[in-house]
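Listed below, chain by chain, are the residues.
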Amino acid sequence: MNPTPPPAASSAARLLRSSVVWDNHGCMPVGRPHDTSFLPQLQRYRAAGVSAVMINVGFGDMGVEDHLRTLASMRHWLRARPDEYLLIDTADDIDRAHTSGRLAVGFDIEGANAVADQLSLVSLYHELGVRWMLLAYNNNNRAGGGCQDADTGLTAFGRELVAEMERVGMQVCCSHTGHRTVRDVFAVATRPVIFSHSNPSAVHAHPRNIPDDLIRACAATGGVVGINGIGSFLGQNDNTNETFAHHVDHVAQLVGPQHVALGLDYVFDTQEMDDYLAKMAHTFPPELGYQKGMRMVAPEQLEGIVQALQKLGYSDADLRAVLGGNLMRLARRVWKPGQQPAR
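Thresholds, definitions, all that
- Residues numbered from 1 in each chain as written.
- Predicted model: local features only at pLDDT ≥ 70, side-chain atom pairs only at ≥ 80, totals over all residues.
- Heavy atoms only, no water.
- Helix = DSSP H or I, 4+ residues; strand = E, 2+ residues; numbered from the N terminus.
- Contact = heavy atoms within 4.5 Å.
- Areas by Shrake-Rupley, 256 points an atom, 1.4 Å probe, with all protein chains shown as cover.
- 1 Å grid on protein atoms, 1.4 Å probe; cavity = no way out; pocket = protein on both sides within 12 Å on 5 of 7 lines; lining within 4 Å.
- Points joined across faces, edges and corners; volume = space filled by probe spheres on them.
- Nonpolar A, V, L, I, M, F, W, Y, C, P; charged D, E, K, R; others polar.
- Core = buried A, V, L, I, M, F, W, Y, C linked by side-chain atoms within 4.5 Å.
- Buried < 20%, exposed > 50% of the residue type's maximum accessible area, 1.4 Å probe, protein only.
- Polar contact = N/O pair within 3.5 Å; in protein donor to acceptor, adjacent residues only side chain to side chain.
- pLDDT = per-residue confidence, 0-100.
- Axes fitted to C-alpha atoms, helices over the stretch in contact; angles between N-to-C directions.
- Parallel < 35°, antiparallel > 145°, perpendicular 65-115°, else oblique.
- Left-handed = near helix turned anticlockwise from the far one by under 90°.
- Salt bridge = Lys/Arg side-chain N within 4 Å of Asp/Glu carboxyl O.
- Pairing = 2+ DSSP bridges.
- Right-handed = clockwise from strand over helix to strand, strands pointing away.

So, the overall build of the protein chain
Phase 1 of the analysis: Within the protein chain, the secondary structure is distributed over 13 helices and 10 strands.
Phase 2 of the analysis: Contacts spanning at least 24 positions in sequence make up 74% of the contacts within the protein chain whose residues lie at least 6 apart.
Phase 3 of the analysis: Entry remark: accessible area of the protein chain is about 13300 Å², with carbon and sulfur atoms responsible for 51%.

As for empty space enclosed by the protein
By rolling a water-sized probe across the atoms, one finds the places where empty space is left.
Phase 1 of the analysis: The tally for this structure, following the rule as stated, stands at four cavities of 30 Å³ or more.
Phase 2 of the analysis: Taken together, the residues of the lining of the largest cavity break down into seven nonpolar, four polar and two charged.
Phase 3 of the analysis: Considered as a void within the structure, the second largest cavity measures approximately 60 Å³ in volume.
Phase 4 of the analysis: Together, Trp22, Asn24, Arg131, Trp132, Gln171, Ile194, Leu327, Leu330, Ala331 and Trp335 line the second largest cavity.
Phase 5 of the analysis: Secondary structure elements with two or more residues in the lining of the second largest cavity: β1 (22-27), β5 (130-134) and α13 (316-334).
Phase 6 of the analysis: The greatest single-element share of the lining of the second largest cavity, amounting to three residues, is contributed by α13.
Phase 7 of the analysis: Partitioning the lining of the second largest cavity into residue classes produces seven nonpolar, two polar and one charged.

What to know about the layout of surface pockets
Phase 1 of the analysis: Size it by volume and the largest pocket reaches roughly 560 Å³.
Phase 2 of the analysis: As for the largest pocket, its lining consists of 27 residues, and the residues nearest its centre are Phe59, Tyr137, Met273, Tyr276 and Phe284.
Phase 3 of the analysis: Sorting the residues of the lining of the largest pocket by element identifies β2 (52-59) and α11 (270-279) as the ones contributing at least two each.
Phase 4 of the analysis: Tallying contributions element by element places α11 first for the lining of the largest pocket, with five residues.
Phase 5 of the analysis: Residue composition of the lining of the largest pocket, grouped by class: 17 nonpolar, four polar and six charged.
Phase 6 of the analysis: Of the voids in this model, the second largest pocket is the one considered here, and its volume is about 180 Å³.

Section: the nonpolar core
Phase 1 of the analysis: Grouped together as the largest cluster of nonpolar side chains are 115 residues, with contacts concentrated most on Leu42, Phe107 and Leu161.
Phase 2 of the analysis: Here this core takes seven residues from α13, the largest share from any one element.
Phase 3 of the analysis: Residues contacting Leu161, with those up to four places away along its chain left out, are Ala112, Val115, Leu119, Val122, Met133, Leu135 and Ala143.

A look at the side chain of Asn239
Phase 1 of the analysis: Inspection of the secondary structure assignment puts Asn239 in the loop between α9 (231-234) and α10 (241-255).
Phase 2 of the analysis: Polar side-chain contacts of Asn239 include one of 2.8 Å to the backbone oxygen of Met296.
Phase 3 of the analysis: Contact partners of Asn239, with chain neighbours within four places excluded, come to Leu234, Arg295, Met296, Val297 and Gln301.

A closer look at the confidence of the model for the protein chain
Phase 1 of the analysis: When pLDDT is averaged across the protein chain, the result is 94; 96% of the residues are at 70 or more.
Phase 2 of the analysis: Taken together, the stretch residues 1-6 has pLDDT below 50 and engages in zero contacts with residues farther than four places along the chain or on a different chain.

Side note on the packing of helix α12 (residues 302-311) against α13
Think of two packed helices as two axes; the pair is described by the angle between the axes and how far apart they sit.
Phase 1 of the analysis: Orientation of α12 relative to α13, taken along the N-to-C sense of each, is 140°, at an axis distance of 11 Å. On the basis of their axis angle, the class for α12 and α13 is oblique. Seen from above, α12 lies across α13 with right-handed handedness. Residue-level contacts link Val306, Leu309 and Gln310 of α12 to Asp316, Leu319 and Leu323 of α13.
Phase 2 of the analysis: Taken together, the residues of the contact of α12 with α13 sort by class into four nonpolar, one polar and one charged.

A word on the pattern of salt bridges
Phase 1 of the analysis: This model, assessed by the stated rule, comprises 11 salt bridges.
Phase 2 of the analysis: One salt bridge connects Arg332 with Asp95, and the closest N-O pair in it is separated by 2.6 Å. Separated by 237 residues along the polypeptide, Arg332 in helix α13 and Asp95 in helix α4 (residues 91-100) bring together distant segments of the chain.
Phase 3 of the analysis: Judged by relative accessible area, which is 46%, Arg332 ranks as partly exposed.
Phase 4 of the analysis: Judged by its relative accessible area of 28%, Asp95 falls in the partly exposed class.
Phase 5 of the analysis: Notably, a salt bridge pairs Asp213 with Arg183, separated by 2.9 Å at the nearest N-O pair. Of this pair, Asp213 sits in helix α8 (residues 212-220) while Arg183 sits in helix α7 (residues 179-188), and the two are 30 residues apart along the sequence.
Phase 6 of the analysis: Through salt bridges that share partners, Arg32, Asp35, Asp269 and Glu272 make up one connected network.

Points about the pairing of β5
Phase 1 of the analysis: Across the five residues that make up β5, a large majority, five, are buried.
Phase 2 of the analysis: Note that strand β4 (residues 103-110) and β5 share four bridges and pair parallel. Counterpart to Phe107 in the pairing with β5 is Val130.
Phase 3 of the analysis: Crossover connection from β4 via helix α5 (residues 121-127) to parallel β5: handedness right-handed.
Phase 4 of the analysis: Strand direction decides the pairing type here: β5 and strand β6 (residues 171-173), joined by three bridges, are parallel. Bridge pairing in β6 places Met133 opposite Val172.

This is the structure in structure tokens:
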């Protein structure tokens, strides 16, 4: 008796396996440098077909020490597992990880509080693998305005920060940032600017989402918009593949598929997220959809998202660009080598 053959892989699965797939924002626990218990879950990315991921090392009001201690802890854990992970320095490392079956891991920072009043910290973070940083996290800070605050625009310090990030080769990101400040950034930036994990407000109105004019301005710099997988930003706590694909499609139809990417914003420690939302209700008000049990697009949904985009008529070439090619293009244009990680 012949055994039943395994089902053939879908065209979406084959595309994921053969493409460089890059999620530009994931959230492991931060501010807990001695707790690495969630880091093994990074393998969920690789199992889902992801080649590279940027992991958050701090956000909001967290200070310099919190960011550096989290960075040190994550780097130490990853370097001890060279057969599974490769720390990102250049775009070539992502290609190397993809061909060797490893996960390339870099880092990001959500808000300029990470540098306090010391611009020289930008180059240090860059040397430690931070490849993008956003200016403000929902609320105003020394650099500029947040998207849920009375945005007063980019400050003099913020202009210096943008210039220093461009100098060292760190991507300037405007997710979570107030729209007036974002427009000021576009006025002074000389390199491509990104929204690492932001959705179009034309599809779902929310202060964290961005209007079409900012999407066009981002594309005009050569930048990309990474589509966010948090249900409150996709819709009414909606994390379906079809809704995520609808947000991708809106940006692609507006400015072209060469300006869309993935920034799932998946939070691995959901209990930490629930506790933080309850504690910080003044920053994350329930009326804006911040609630216990927020749904999120998980890495395991990528095949379904590709299938949803295929149904909308996207070609393999366009899908490869959205999955990772667009971010690879920016990395080769903007990044500069930091310190060479151990192979």
